[in-house]
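# Structural description and commentary
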Amino acid sequence: MAPHSIRDFGRREILRMSAVLAGSRLVVSPKHAIAEAAALQRTPDQILGPFYPLSELPRTSDLTRVPGRSGRAEGQVINVMGRVLNLAGEPVRNAKVEVWQANTHGRYTHPSDPNPAPLDPNFEGSALLATDSEGRYRFKTIKPAAYPAGPNRMRPAHIHFQVSGRQDKIVTQMYFENDPYNNTDPFLNSAGGTERTELLVKKLLDPSPDFEPDSKMVIFDMVLYKG
Ligand code: FE
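We now turn to the structure provided with this report.

Each value, and the rule that gives it
Residues numbered from 1 in each chain as written. Predicted model: local features only at pLDDT ≥ 70, side-chain atom pairs only at ≥ 80, totals over all residues. Heavy atoms only, no water. Helix = DSSP H or I, 4+ residues; strand = E, 2+ residues; numbered from the N terminus. Buried < 20%, exposed > 50% of the residue type's maximum accessible area, 1.4 Å probe, protein only. Contact = heavy atoms within 4.5 Å. Areas by Shrake-Rupley, 256 points an atom, 1.4 Å probe, with all protein chains shown as cover. Donors = N, O, S within 2.8 Å, 3.2 Å for Na, K, Ca; no water. Tetrahedral: all angles 85-135°; square planar, octahedral: opposite > 155°, others 65-115°. Core = buried A, V, L, I, M, F, W, Y, C linked by side-chain atoms within 4.5 Å. Salt bridge = Lys/Arg side-chain N within 4 Å of Asp/Glu carboxyl O. Pairing = 2+ DSSP bridges. Phe/Tyr/Trp six-rings, centres within 6.5 Å; stacked < 30°, edge-to-face > 60°. Lys NZ or Arg CZ within 6 Å of the ring centre and 35° of its normal. Polar contact = N/O pair within 3.5 Å; in protein donor to acceptor, adjacent residues only side chain to side chain.

### Considering the overall build of the protein
- If you tally the helices and strands in the protein, you get four helices and 12 strands.
- Across the 227 residues of the protein, 49% fall into the buried class.
- In the protein, once contacts between residues fewer than 6 apart in sequence are set aside, the share between residues at least 24 apart is 74%.
- Total accessible area computed for the protein in this model is approximately 11100 Å², and 52% of it derives from carbon and sulfur atoms.

As structure tokens, this is what we get:
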């Protein structure tokens, strides 16, 4: 079975996503491709971290539900979407997109996580997706919480990504605008300078009309060297 991809989405969802992504800076029409391409930078790498899932990542685009359970994950529902592109602004088709994250309490479903914060049995903490023919990916999850990374240090809320094209791979993390721990996080700031860190820090947007009214939306495009 192929990883869950845009091919599995309904027509209505694809139309909605196209409308959303039309507002994204990285969407290129042939006319603007050259100008935009010059502005693209490879997405900064971030550490893999200690909580990459030990077992196979589930092929799902909805981390707010766990198969066989009727409950819904606790926390702020967010719809994360974007495109995987190469430096020339071309879509990277069928890229493997792996995501994993802490729950709304800042706890990973991973045996090595020492955080005493509660697990959420209804939260699927990771997923395997694939980009479609336009390089798009999309998933529904909850906004993770910040978590302790030592006695006196907190990591800002973030979602881990590992994106594999045919020739290049990025391991990175996406962060949220206005998180109080962003400025002091050594991993985020290892991206080097404000312009670089801004590639990883994203705004929580109001949902477009077809999303759940109380959910939020985040657009995160990622750029590989060659795809
Ligand atoms: Fe983490």
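Additional details are given in the paragraphs that follow.
### With respect to the coordination of the iron ion
- Those protein atoms acting as donors to the iron ion are Tyr108 (OH), Tyr147 (OH), His158 (NE2) and His160 (NE2), and they sit at 1.9 to 2.2 Å.
- Seen from the iron ion, its four donor atoms lie at angles of 89 to 160°, and the figure they make is irregular.
- Taken in sequence order, the residues that donate to the iron ion follow the motif Y-x38-Y-x10-H-x1-H. Taken together, the positions of Tyr108 in the loop between strand S3 (96-101) and strand S4 (126-130) and His158 in strand S8 (residues 158-164) put the pair 50 residues apart, joining distant regions of the chain.
- Exposure remark for Tyr108: the relative accessible area of 2% places this residue in the buried category.

### Things to note about the environment of Leu87
- Inspection of the secondary structure puts Leu87 in the loop between strand S2 (77-85) and S3.
- A residue is classified by how much of its surface remains accessible, and Leu87, at 29% relative accessible area, is partly exposed.
- Residues Leu87 and Gln41, spaced 46 residues apart in sequence, show a C-alpha to C-alpha distance of 6.5 Å.

### Some remarks on the nonpolar core
- Ranked by size, the top nonpolar core spans 31 residues in total, and within it Val80, Tyr137, Phe139, Ile159 and Phe161 carry the most contacts.
- For this core, the elements supplying multiple residues, two or more each, are S2, S3, S4, strand S5 (136-142), S8 and strand S9 (169-176).

### Some remarks on the pattern of salt bridges
- Following the criterion strictly, the structure yields eight salt bridges and no others.
- For Lys140, the salt bridge goes to Glu212, with nearest N and O atoms at 3.1 Å. Separated by 72 residues along the polypeptide, Lys140 in strand S5 and Glu212 in the loop between strand S10 (201-202) and strand S11 (216-219) bring together distant segments of the chain.
- Here Asp206 and Lys216 are joined by a salt bridge, their closest N and O atoms 2.8 Å apart. Of this pair, Asp206 sits in the loop between S10 and S11 while Lys216 sits in strand S11; the two residues are 10 residues apart in sequence, bridging distant segments of the chain.

### Things to note about the pairing of S5
- In terms of burial, S5 is largely enclosed, as six of its seven residues are buried.
- Of the pairings in the sheet, the one linking S2 to S5 comprises seven bridges and is antiparallel in character. Looking at the pairing, Ile78 lines up with Thr141 of S5.

### What to know about the packing of aromatic side chains
- Taken as a whole and assessed by the stated rule, the structure comprises eight aromatic pairs.
- Relative to Phe161, the ring of Phe139 has its centre 6.1 Å away and its plane inclined at 55°; by these criteria the two rings are tilted. Of the two residues, Phe139 sits in strand S5 while Phe161 sits in strand S8, which places them 22 residues apart along the sequence. A single burial state applies to Phe139 and to Phe161, both of which are buried.
- Taken together, the ring pairs connect Tyr137, Phe139, Phe161 and Phe220 into an aromatic cluster.
- Stacked on the ring of Phe176, the Lys or Arg Lys143 has its end atom at 4.9 Å from the ring centre.

### Describing the side chain of Asn182
- Within the secondary structure, Asn182 sits in the loop between S9 and helix H3 (186-189).
- Taking relative accessible area as the criterion, Asn182 reaches 6% and is therefore assigned buried.
- Within the structure, Asn182 has its side chain in polar contact with the backbone oxygen of Phe176 (distance 2.9 Å).
- When residues no more than four places from it in sequence are discounted, the contact partners of Asn182 are Pro156, Tyr175, Phe176, Glu177, Leu188, Asn189 and Val201.

### Digging into the pairing of S2
- Counted residue by residue, S2 has nine buried out of nine residues, so it is predominantly covered.
- Burial along S2 is two-sided: the residues Val77, Asn79, Met81, Arg83 and Leu85 and Ile78, Val80, Gly82 and Val84 are all buried.
- Pairing geometry for S2 and S11, over four bridges, is parallel. When the sheet's bridge partners are listed, Asn79 is paired in S11 with Met217.
- As judged from the two bridges shared by S2 and strand S12 (residues 222-223), these two strands associate in the parallel manner. Its bridge partner being in S12, Val84 is matched across the sheet by Met222.

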